[in-house]
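So you can see what is in the structure, the chains are spelled out below.
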There are 2 protein chains.
Amino acid sequence: MRLTTKGRYAVTAMLDLALHEGRGPISLADISERQGISLSYLEQLFAKLRRNDLVRSVRGPGGGYQLSREQGRINVAEVIDAVNESVDATGCHGKGDCQSGQTCLTHHLWCDLSDQIHAFLSSISLCDLVKRKDVQEVALRQDRERADQLIMSTGEPASAERKAAV
Amino acid sequence: MRLTTKGRYAVTAMLDLALHEGRGPISLADISERQGISLSYLEQLFAKLRRNDLVRSVRGPGGGYQLSREQGRINVAEVIDAVNESVDATGCHGKGDCQSGQTCLTHHLWCDLSDQIHAFLSSISLCDLVKRKDVQEVALRQDRERADQLIMSTGEPASAERKAAV
DNA sequence: ATTTAACCAAGTAAAACAGTCAGCTAATCG
DNA sequence: CGATTAGCTGACTGTTTTACTTGGTTAAAT
């Protein structure tokens, strides 16, 4: 099993989408700046998220991505699965042919661990995360930083966007 | 976080040691054959296990490795930690400086997951595993296979070892 | 017609994984 | 004693994965 930046990025990006839902499609460029993730890397991750029917895309100006289901019906486990191909702790993908066709000494232990992790992660929906205090605090900080960035780069028109961010 | 062959091998080898405890030190060559793990790879893993004070070594003929504590006082989490440096799901090693010094959107989620996994794995001791029925069945099969191998390779003197294996 | 932003393919540096190879040292046994 | 056993060590190798870049194409809005 592996849980690396890839899976973490995917969940972070999906949560960003959930947090800013309602303002229409969110562009990957926005997510990239808010979350500090490379744009082209996000594109690769979202290709997989789209193939797994977790997001819908809108092309052209003003386009971006939207959750394909309501927040309460998307859990963390399926997001990680989508980019990482399974949160499985066994080496045999649960088949039990770990040691030349037979099951190895510790096979059942890894099965139990996999079940444990999967149960935990699939019990948490994006909606649950959005409601968490620590998430809301970070989101608020990020939105403020993003607004300041826009003021720095462009001269005045950022004030309109600042309002939108609040 | 990563849970790969490395950590699985380490736990499997430690469990093999626990299962055959009492017959004096167990050589890595024995573990290698029973568990189907490369001998020199085992040597690398056991160097780490020894540095982390999980096993003691005896050199010379009839030598091998022994658990450095009783089975009930060695848990799966510390074995994996020893070879893998931590069962941590965060990217910042729990520090919270994931996004350019600040905590990222999903930091607390990964902390929770790490806690969950660690709690599960550290609640299981080698003694617990030895007592499990599925473990005992696999161990019995492996001991029989090993005895048959010895009969195949040497001519007759294996019968003495066969007795020892039962 | 131009801009926006999704989409796609290929390539890359660095790391980790899984394992090999060669040689060393300490202990035992004949 | 000297041969054997088995732990110990370092360096090295092929492969895969990670995280990311480059350089495009296509669809939709202005």
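Bear in mind that the values here come from a model prediction, so they are computed numbers and not experimental data.

Each value, and the rule that gives it
All chains use their own residue numbering, which begins from 1 and follows the written sequence. Here every chain gets a letter starting at A, and every ligand a number starting at 1, in the order they are written. It should be noted that, the model being predicted, local features are given only for residues of pLDDT at least 70 and side-chain atom pairs only at 80 or more, the latter also being counted only at that level, while totals for whole chains, interfaces and linings use all residues. With hydrogens and water set aside, each side-chain value is computed from the structure's full complement of heavy atoms. Secondary structure elements follow DSSP: runs of H or I of four or more residues count as helices, runs of E of two or more count as strands, with numbering from the N terminus. Only protein chains enter the calculation, and the probe is 1.4 Å; a residue is then buried if its accessible area is under 20% of its type maximum, exposed if over 50%, and partly exposed in between. Working definition of accessibility: Shrake-Rupley area with a 1.4 Å probe, residue cover restricted to the visible protein chains. In this tally, Lys and Arg are treated as positive and Asp and Glu as negative; His is ignored, and so are the chain termini. Charge coordinates come from a single atom per side chain, which is NZ of Lys, CZ of Arg, CG of Asp or CD of Glu. A pairing counts as a salt bridge when a side-chain nitrogen of Lys or Arg comes within 4 Å of a carboxyl oxygen of Asp or Glu. Neighbouring residues are identified by heavy atoms, a residue being near a molecule or strand if any of them is within 4 Å of it. The term polar contact refers here to a pair of N or O atoms within 3.5 Å; inside protein, the definition further demands a hydrogen-donor-capable atom paired with an acceptor-capable atom, and it admits residues adjacent in sequence only when both atoms are side-chain atoms. Residue polarity is assigned by list, with Asp, Glu, Lys and Arg as charged and Ala, Val, Leu, Ile, Met, Phe, Trp, Tyr, Cys and Pro as nonpolar; anything else, Gly included, falls into the polar class. Residues are treated as being in contact if the distance between any of their heavy atoms lies within 4.5 Å. Buried area counts how much accessible surface, traced with a 1.4 Å probe, disappears from two parts once they are put together, with both parts' losses summed. In this analysis a 1.4 Å probe is tested at points of a 1 Å grid over the protein atoms alone, and where it fits but cannot get out there is a cavity; an open set with protein on both sides within 12 Å along at least five of seven lines is a pocket; lining residues have an atom within 4 Å of a point. Grid points are joined across faces, edges and corners, and a volume is the space filled by probe spheres set on the points. Each Phe, Tyr or Trp ring, with Trp reduced to its six-membered ring, pairs with another whose centre is within 6.5 Å; inter-plane angles below 30 degrees give stacked pairs, above 60 give edge-to-face pairs, and intermediate values give tilted ones.

Undergrad: Just checking my understanding: could you explain the overall build of chain A for this structure?
TA: Along the backbone of chain A there are eight helices and two strands. Put simply, chain A runs from its N terminus to its C terminus through helices and strands in the order α-α-α-β-β-α-α-α-α-α. Judged by the C-alpha coordinates and their principal axes, chain A covers about 70 × 35 × 25 Å. The 166 residues of chain A split such that 46% are buried. Carbon and sulfur atoms make up 48% of the accessible area of chain A, which amounts to about 8,400 Å² in all. Each charge sign in chain A was given a centre, from 21 positive and 22 negative side chains, and these centres are 3 Å apart.

Undergrad: Looking at this structure, I do not really get the pattern of salt bridges. What am I missing?
TA: Between side chains of opposite charge, a pair can form when the charged atoms approach closely. Applying the stated rule across the entire model yields 14 salt bridges over all chains. Across the salt bridge formed by R132 of chain B and D134 of chain B, the nearest N and O atoms sit 3.4 Å from each other. Owing to a relative accessible area of 22%, R132 of chain B belongs among the partly exposed residues under this scheme. Looking at D134 of chain B, the relative accessible area reads 19%, which means it is buried. Taken together, the shared-partner salt bridges connect D30, E33 and R146 of chain A into one network.

Undergrad: Sorry if this is basic, but what is going on with the protein's contact with DNA strand C here?
TA: Around DNA strand C, a shell composed of 26 residues is seen, among which S57 and Y65 of chain A together with T5, Q44 and R59 of chain B lie nearest. Near-protein atoms of DNA strand C (within 4 Å) split between backbone and bases, with sugar and phosphate holding 58%. The contact in question runs from a base nitrogen of DNA strand C to an N or O atom on the side chain of E43 of chain A, over 3.1 Å. Within the side chain of S38 of chain B, one N or O atom sits 2.9 Å away from a phosphate oxygen of DNA strand C. Looking at the surface near DNA strand C, the elements with two or more residues in it are α3 (39-51), β1 (55-58) and β2 (64-67) of chain A together with α1 (5-19) and α3 (39-51) of chain B. The residue makeup of the surface near DNA strand C, split by class, is seven nonpolar, 13 polar and six charged.

Undergrad: Please explain the protein's contact with DNA strand D as it appears in this structure.
TA: Around DNA strand D sit 27 residues, and of these T5, Q44 and R59 of chain A together with S57 and Y65 of chain B come closest. Take the atoms of DNA strand D that sit within 4 Å of the protein: sugar and phosphate atoms are 55% of them. Y9 of chain A has a polar side-chain atom sitting 3.5 Å from a phosphate oxygen of DNA strand D. Between R50 of chain B and DNA strand D, the recorded distance is 3.3 Å, taken from a side-chain N or O atom to a phosphate oxygen. Class assignment of the residues belonging to the surface near DNA strand D gives a composition of eight nonpolar, 13 polar and six charged.

Undergrad: How should I be thinking about the interface of chain B and chain A in this particular structure?
TA: Interfaces are frequently sized by the accessible area removed from exposure as the parts join. Contact with chain B, which involves 44 residues of that partner, is made by 43 residues of chain A. Here chain B meets chain A over a buried area of about 3,500 Å², counting both sides, of which 64% is carbon and sulfur. Joining chain B to chain A, the criterion identifies two salt bridges. One salt bridge in this structure joins D112 of chain B and R132 of chain A, with 3.3 Å as the shortest N-O distance. Summed over the shared surface of chain B and chain A, the number is 13 residue pairs in polar contact (both at pLDDT 80 or more). Counting residues per element, the ones that place at least two in the side of chain B that touches chain A are α1, α2 (28-35), α4 (76-84), α5 (107-122) and α7 (133-153) of chain B. Its residues assigned to classes, the side of chain B that touches chain A comprises 21 nonpolar, 14 polar and nine charged.

Undergrad: Where do I start with the environment of N84 of chain A in this structure?
TA: Residues and elements named next belong to chain A. Looking at where N84 falls in the secondary structure, it is placed in helix α4 (residues 76-84). Distance in space between the C-alpha atoms of N84 and L45 is 9.7 Å, their sequence separation being 39 residues. In contact with N84, other than residues within four places in its own chain, are R2, L3, K6 and G7.

Undergrad: Even after reading the chapter, I still don't get empty space enclosed by the protein, so can you show me in this structure?
TA: Any space left empty among the atoms is revealed by the rolling of a water-sized probe across them. Under the criterion given, the structure shown has one cavity of 30 Å³ or more. When its volume is computed, the largest cavity comes out at roughly 30 Å³. For the lining of the largest cavity, the elements supplying multiple residues, two or more each, are α5 (107-122) of chain A together with α7 of chain B. Sort the elements by how many residues they give to the lining of the largest cavity and α5 of chain A lands first, with three residues. Here the residues of the lining of the largest cavity sort into five nonpolar, three polar and two charged.

Undergrad: Where do I start with the packing of aromatic side chains in this structure?
TA: The way to describe two aromatic rings as a pair is by their centre distance and the angle between their planes. Residue and element names in this part refer to chain A. Under the criterion given, the structure shown has four aromatic pairs over all chains. With centroids separated by 5.9 Å and ring planes inclined at 75°, the aromatic side chains of Y9 and Y41 adopt a geometry described as edge-to-face. With a gap of 32 residues between them, Y9 in helix α1 (residues 5-19) and Y41 in helix α3 connect regions that are remote in the sequence. In this structure Y9 comes out as partly exposed when scored by relative accessible area, which is 24%. Looking at Y41, the relative accessible area reads 28%, which means it is partly exposed.

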